[in-house]
Amino acid sequence: MLNQKLRPRRMRLTPALRSMVRETTLSVRDFIYPLFLVPGTGVREEIPSMPNCFHLSVDMAVEEARKVAALGIPAIEVFGIPEYKDEQGSSAWDMESPVQRAITAIKQALPELVIIADVCMCEYTSHGHCGLLVRDEEQQAAPRGCGGGYVDNDATLKLLQKNALSQAEAGADIVAPSDMMDGRVAAIREILDEHGFINTAIMSYAIKYASGYYGPFRDAADSAPEFGDRRQYQMDPANRREAMKELELDMAEGADMIIVKPAMAYLDIVREAKERCNLPLVTYNVSGEYAMVKAAAAQGWIDEPRIVLETLNCMKRAGAEMIITYHALDAAKWLNEGVVY
Ligand code: PBG
Ligand code: ZN
């Protein structure tokens, strides 16, 4: 016989009751909005695989940042397509590159908006890998079976230091290394401190998987590797224990915030990281996750506002305190309009 005294439905009967017992909520203050900077002026071009996201020149990025701030979103993260690319990725620390110029311009226009700068080499190297490449034939030390080239970890650290330092000099509040080299958080902390940037924070992509969900971003950032893939340095999606090791290392190296990336298929990792982490936890709702939702919504197959807010709220439920998301502007509007999710 069923025990009819236990009726969880009681607390679900009206919107008011449901809102009283809701365990997780979403706020515009949870969002971080990515911007893609390009050379030139007056450029605002939609990215084909990421509807309603734009390639922006510095002047247009300032305008976009004003919209972000006006909605109450606290932070942006900047990515860039440089004027030139080479083997070393030297445009990564060129103060005239779009990212560095945009950081300075946005900081000047909107001092309170938090600017996070993505630290990585793949947008700046001609080969599209996230670090300094050693071609197999040139280097006996390169391990066999790397598929035509090996990214040299320790040599890359020096390039990442220059990239991060230039972003701090431009005025970034936070630098966010996404390259997955070992030891880069400590290396970046060291160079920042050496130059007096003791208050520039490090938001580390501590747990970043080698994921097919980054596809649209690589079009947007023009950063697809010329050969091979990123499995030499990004994590195997099959691994969970290893994610906790990456987390421990980055906490020990002095990270101020931790990112788990991607988000949707990795919420078990977000939960586990949350339980082990004594730092603010961020998850990255990546380009492929965004593109799938936008494509289905364009077909009229899903209710976009509802699905987006539900998904983002589930990321919070899993343990994320902030979410880097291309949906941020829309989601902020829907929240302000009171869309039920
Ligand atoms: C750079 C970087 C990538 C993303 C963020 N920083 C691409 C990659 O690692 O290939 C992906 C973001 C997204 O897909 O939205 N390393
Ligand atoms: Zn990269």
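Model, not experiment: these values are computed from the prediction.

Procedures and definitions
Chains are numbered independently. Their residues run from 1 in the order of the written sequence. Chain labels run from A onward and ligand labels from 1 onward, assigned in the order the entries are written. Reporting in this predicted model follows two pLDDT cut-offs: at least 70 for local features of residues, and 80 or more for side-chain atom pairs to be given and counted; totals over whole chains, interfaces and linings ignore these cut-offs and use all residues. Heavy atoms from the whole structure form the basis of all side-chain values; hydrogens and water molecules are not counted. By nonpolar core is meant a set of buried Ala, Val, Leu, Ile, Met, Phe, Trp, Tyr and Cys residues that side-chain atoms within 4.5 Å join together. Only protein chains enter the accessibility calculation, which uses a 1.4 Å probe; a residue is then buried when its area is under 20% of its type maximum, exposed when over 50%, and partly exposed in between. A helix here means a DSSP run of H or I that spans at least four residues, while a strand means a run of E at least two residues long, and both kinds are numbered starting from the N terminus. Any two residues having at least one pair of non-hydrogen atoms within 4.5 Å are treated as being in contact. Only residues whose relative accessible area exceeds 30% and that take part in no salt bridge are eligible for patches, with like-charged residues grouped when within 9 Å of each other and nonpolar side chains (Val, Leu, Ile, Met, Phe, Trp, Tyr) grouped when within 5 Å. Values of accessible area rely on a 1.4 Å probe in the Shrake-Rupley scheme; residue burial ignores everything except the protein chains shown. Basic side-chain nitrogens of Lys or Arg form a salt bridge, by our definition, when they fall within 4 Å of a carboxyl oxygen of Asp or Glu. Neither His nor the chain ends is counted toward charge; the positive residues are Lys and Arg and the negative residues Asp and Glu. To locate a charge, take NZ of a lysine, CZ of an arginine, CG of an aspartate or CD of a glutamate. Throughout, the term near means that a residue has one or more heavy atoms lying within 4 Å of the molecule or strand in question. For this analysis, a polar contact is any N or O atom pair within 3.5 Å, provided that within protein one partner can donate a hydrogen and the other can accept it, and provided that sequence-adjacent residues contribute only side-chain to side-chain pairs. Gly is placed with the polar residues, together with every amino acid not listed as nonpolar (Ala, Val, Leu, Ile, Met, Phe, Trp, Tyr, Cys and Pro) or charged (Asp, Glu, Lys and Arg). In this listing, donors mean N, O and S atoms no farther than 2.8 Å from the metal, or 3.2 Å for Na, K and Ca; water is missing from the atoms, so a site can look incomplete. Four donors are marked tetrahedral only if all angles between them lie between 85 and 135 degrees, whereas four are marked square planar and six octahedral if opposite donors are more than 155 degrees apart and the other angles lie between 65 and 115; the remainder are marked irregular. Where helices are involved, their axes are fitted lines through C-alpha atoms of the stretch in contact, as for all axes, and angles between N-to-C directions lie from 0 to 180°. An angle counts as roughly parallel when it lies under 35 degrees, as roughly antiparallel when it exceeds 145, as roughly perpendicular when it falls between 65 and 115, and as oblique in every other case. If you view the pair so one helix is near and one far, a crossing is left-handed when the near helix is turned anticlockwise from the far one by less than a right angle, and right-handed when it is turned clockwise.

Chemist: How should the nonpolar core be read in this particular structure?
Modeler: It is characteristic of soluble globular proteins that their nonpolar side chains tend to be buried jointly. Core analysis: the largest hydrophobic core is formed by 114 residues, its most contacted members being F36, V78, I106, M203, I207, I258 and Y284. Ranked by residue count, the leading element in this core is helix α4 (residues 153-170), at seven residues. Residues in contact with I106, not counting those within four places in the same chain, are L35, A61, V62, A65, I76, P111, L113 and I115.

Chemist: Help me understand a positive patch on the surface, please; the structure alone is not making it clear to me.
Modeler: Side chains of R7, R9, R10 and R12 sit close together on the surface and give a patch of like positive charge. On the secondary structure map, R7 appears in the segment before α1 (15-21). For R7, a relative accessible area of 41% corresponds to the partly exposed category.

Chemist: In this structure, what is going on with the site of ligand 1? I would like to understand it.
Modeler: Near ligand 1 you find 18 residues, and of these K208, R218, K261, S287 and Y326 are the closest. K261 has a polar side-chain atom sitting 3.4 Å from a nitrogen atom of ligand 1. Within the complex, 100% of the 400 Å² of free accessible area of ligand 1 lies under protein. Broken down by class, the residue content of the shell around ligand 1 amounts to 10 nonpolar, three polar and five charged.

Chemist: What's the story with the pattern of salt bridges in this structure? I'm lost.
Modeler: Pairing is possible between side chains of opposite charge, provided their charged atoms come close. Tallied over the entire structure, the rule returns 17 salt bridges. We note a salt bridge from R189 to D193, for which the minimum N-O separation is 3.0 Å. Here D193 and R189 lie together in helix α5 (residues 184-194), a separation of four residues that amounts to about one turn. Classification of R189 as buried rests on a relative accessible area of 14%.

Chemist: What is the right way to read the environment of A201 from this model?
Modeler: Structurally, A201 is set in strand β9 (residues 201-208). Exposure remark for A201: the relative accessible area of 17% places this residue in the buried category. Considering only alpha carbons, one finds A201 and G80, 121 residues apart in sequence, at a separation of 20 Å. Excluding residues that lie within four positions of it along the chain, A201 makes contacts with D173, I174, V175, R189 and D256.

Chemist: Help me out: how do you make sense of the coordination of the zinc ion (ligand 2) in this one?
Modeler: Four donors placed tetrahedrally around a metal ideally meet at 109.5 degrees, and six donors placed octahedrally ideally meet at 90 or 180 degrees. Within the protein, the atoms that donate to the zinc ion (ligand 2) are C120 (SG), C122 (SG) and C130 (SG), at distances of 2.2 to 2.3 Å. Around the zinc ion (ligand 2) sit four donor atoms; with metal-centred angles ranging over 98 to 123°, the donor geometry is tetrahedral.

Chemist: It is not clear to me how the side chain of E246 should be interpreted in this structure. Could you clarify?
Modeler: Within the secondary structure, E246 sits in helix α7 (residues 241-253). Here E246 sits buried without a salt bridge, and the closest side chain of opposite charge, R184, lies 5.3 Å off (N-O distance). Sequence-distant contacts of E246, defined by excluding residues within four places in its chain, comprise M180, D182, A206 and M235.

Chemist: Would you mind showing me how to read the packing of helix α9 (residues 287-298) against helix α10 (residues 304-318) here?
Modeler: Packed helices, taken two at a time, are described by the angle between their axes plus the distance between the axes. Across the interface, α9 lies against α10 with an axial gap of 10 Å and an inter-helix angle of 155°. Relative to α10, α9 is oriented roughly antiparallel. For the crossing formed where α9 meets α10, the hand is right-handed. Together, E289, V293, K294 and A297 of α9 and E304, I307, V308 and M315 of α10 make up the contact between the two elements. Residues of the contact of α9 with α10, tallied by class, amount to five nonpolar, no polar and three charged.

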